[in-house]
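Summary of the model geometry
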Amino acid sequence: MEIQSVKGTRDFYPEDMAKRNFIADLWKEVSLRNGFAEFDGPIFEYLAMYQQKSGEEISSQLFAFEDRGGRMLAIRPEITPTLARMVNQRINTLPRPIKWFSVPRLCRAERPQKGRLREFFQWNIDIIGVDDCLADAEVIFCAVDYLMQAGLTSDDVVVRISSRRLIAALLEYFGIEKEGLEKVYSALDKKSKVPAEVFEKMLAEAIGDANKRQKVLELMSVGSLTQLESFAGEDKNAKDAIEELKRLFNYLNIMGITEFCRFDISIVRGLAYYTGVVFEIYDKSEQLRAICGGGRYDNLLADFGGPKISATGMGMGDCVLGIVLEERGLFKNISEKNKIEYFVTYADEALKSEALKMVASLRRVGKRTDFSYKGGALGKQLKQASAVNAAMCIIVGDEFTQKKQIVIKNMGSGEQSSVDVSDFLGRL
Ligand code: HAM
């Protein structure tokens, strides 16, 4: 029987792995320069943890299983609940604010499609213990910092920003019951992701009253914060939420990334735990799902049995990002990075031991070095060096026997020179 890979998973052959590392190495570099420290958790947790607060959509996409002790577990579909659990466990000893990042491998039983798989990697950055929207601004800055570092500009990507707090206040102001808000959020989150008739059906299920529904639809067409003020009337909660968004945009302006950011009332987010500023980053071609999504979740730690401490953060997957980087030709210098620096060849079988000694010396000083197992004619070994794209070739030949010299050949220019082995090794 021919064994196949599972639908929605990926095999990372070396060339794919190089791209995955390119993405993840930059995630780590940008996290560190923005002041975040790395953490990780287990790949599975109790099923109940995800059912409690991640929301209906994620709960329906869990890879869940029963262990031998009859416990119901699930492979992590996100790392935010693990983060909340871990922070709660040490809340009295962790200095605040807590700024952590992680690059977990996650699984969701989604219908695989372009940019959405069943197994993927997701960069997470989170700030715990800061109420002010400066923390939300910092999370957005960090995501944009990454995208810019990867070579993307405001012509390529856009950060669409809104506020759950604002939408909650306005929906309540329109007379929609608090208990029904969750359903309305799920419907609104699907607005740009499903056909219009499916969205209308979802909205009708969430809001029975046609007048209220109409108001929500009008709200969804608002294009700016100023326009929004007329919807808010004298409602204090809505006005406060608008003020907060204005402050956020001011911070983004100070941080110099305004050209990437846009207010967009239709951003609600699919996960159940968001309470304040929410955002998603999209590729401007608008053909793909979100590159990244996040926001404030001020109740999650308390919901998991900890103290009431505010939190905000985001997750960026590797799938859509990978497509965007590929389309723009931004996977640069990947082959350079892991290139073999020295390929050691030997002109005669009798010199094989000397060549192997040279290989070992080079490797021990940190040079990426390889050699031919087969040996044989020098020409063939040089061909092998070209095939692995080596930068330099070392030839251990006659000059070694006569004068303890080796020939160093630059594989790019073809230039070659002879040097004393001791000088060469000394210089390394
Ligand atoms: P999320 O919106 O579910 O948020 O996922 C964030 C990002 O992960 C998406 O924008 C996408 O890039 C990627 N992603 C999600 N599902 C898939 C999939 N099936 N295949 C490929 N990529 C996917 C969260 O997970 C939140 N926990 C993020 C967060 C952290 N919020 C606060 N802190």
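To keep things clear, this report deals only with the structure shown in the data block. The model shown is predicted, which means the values in this text are computed figures rather than measured ones.

As for the pattern of salt bridges
Evaluated as defined, the whole model comprises 30 salt bridges. As a salt-bridge pair, Glu38 and Lys28 come within 3.4 Å of each other at their nearest N and O atoms. Placement of the pair is Glu38 in strand β1 (residues 37-38) and Lys28 in helix α1 (residues 14-33), with a sequence separation of 10 residues. A residue is classified by how much of its surface remains accessible, and Glu38, at 46% relative accessible area, is partly exposed. Residue classification places Lys28 among the partly exposed residues on the basis of a relative accessible area of 34%. Here the salt bridges share partners, and the residues they tie into one network are Asp156, Asp283, Glu327 and Arg328.

Observations regarding the pairing of strand β11 (residues 292-296)
Of all 5 residues in β11, 5 are buried, a share of seventy percent or more. Inspection of the sheet shows β11 paired to strand β12 (residues 311-317) by 5 bridges, in the antiparallel sense. Its bridge partner being in β12, Gly294 is matched across the sheet by Met314.

Topic: helix α7 (residues 181-189)
Turning to α7, its buried residues are Leu181, Val184, Tyr185, Ala187, Leu188 and Asp189. In the core, the buried residues of α7 are packed alongside α3 (56-59), α6 (164-173), α8 (196-206), α9 (210-220) and β10 (277-283).

What to know about the sheet that holds strand β3 (residues 64-66)
One open sheet holds the 3 strands; their spatial order is β2-β4-β3, and the pairing between them is antiparallel. Strands with a single pairing partner mark the edges of an open sheet, and in this sheet they are β2 (44-46) and β3. With strand direction ignored, the average angle separating the axes of adjacent strands in the sheet is 35°. Across 3 bridges, the pairing between β2 and strand β4 (residues 72-75) is antiparallel. Bridge pairing in β4 links Phe44 to Ile75.

Overview of the nonpolar core
Core analysis: the biggest nonpolar cluster contains 81 residues, and Trp27, Trp123, Ile140, Tyr146, Ile161, Leu228 and Met316 have the highest contact counts within it. The element contributing the most residues to this core is helix α5 (residues 134-149), with 9 residues. Sequence-distant contacts of Trp123, defined by excluding residues within four places in its chain, comprise Trp27, Val30, Ser31, Phe101, Ser102, Val103, Cys142, Ala143, Tyr146, Met314, Gly315 and Met316. Grouped together as the second largest cluster of nonpolar side chains are 30 residues, Leu83, Ala290, Ile309 and Ala311 included.

Let's talk about the packing of aromatic side chains
Tallied over the full model, the rule gives 12 aromatic pairs. The interplanar angle of 45° and the centroid separation of 5.3 Å between the aromatic rings of Trp123 and Tyr146 together place this pair among those described as tilted. Here the residue Trp123 occupies a position in strand β7 (residues 119-128), and Tyr146 occupies one in helix α5, the gap between them amounting to 23 residues. Using a relative accessible area of 0% as the deciding quantity, one classes Tyr146 as buried. Both rings, one in Tyr342 and one in Phe424, keep their centres 5.8 Å apart while their planes meet at 85°; by these two values the pair is edge-to-face. With Tyr342 in strand β13 (residues 342-346) and Phe424 in helix α18 (residues 421-427), this pair connects stretches of sequence that are 82 residues apart. Under the relative-accessibility criterion, Phe424 is labelled buried at 4%. A network of ring pairs unites the aromatic residues Trp27, Trp123 and Tyr146 as a single cluster.

Procedures and definitions
- Residues numbered from 1 in each chain as written.
- Predicted model: local features only at pLDDT ≥ 70, side-chain atom pairs only at ≥ 80, totals over all residues.
- Heavy atoms only, no water.
- Salt bridge = Lys/Arg side-chain N within 4 Å of Asp/Glu carboxyl O.
- Helix = DSSP H or I, 4+ residues; strand = E, 2+ residues; numbered from the N terminus.
- Buried < 20%, exposed > 50% of the residue type's maximum accessible area, 1.4 Å probe, protein only.
- Pairing = 2+ DSSP bridges.
- Contact = heavy atoms within 4.5 Å.
- Axes fitted to C-alpha atoms, helices over the stretch in contact; angles between N-to-C directions.
- Core = buried A, V, L, I, M, F, W, Y, C linked by side-chain atoms within 4.5 Å.
- Phe/Tyr/Trp six-rings, centres within 6.5 Å; stacked < 30°, edge-to-face > 60°.

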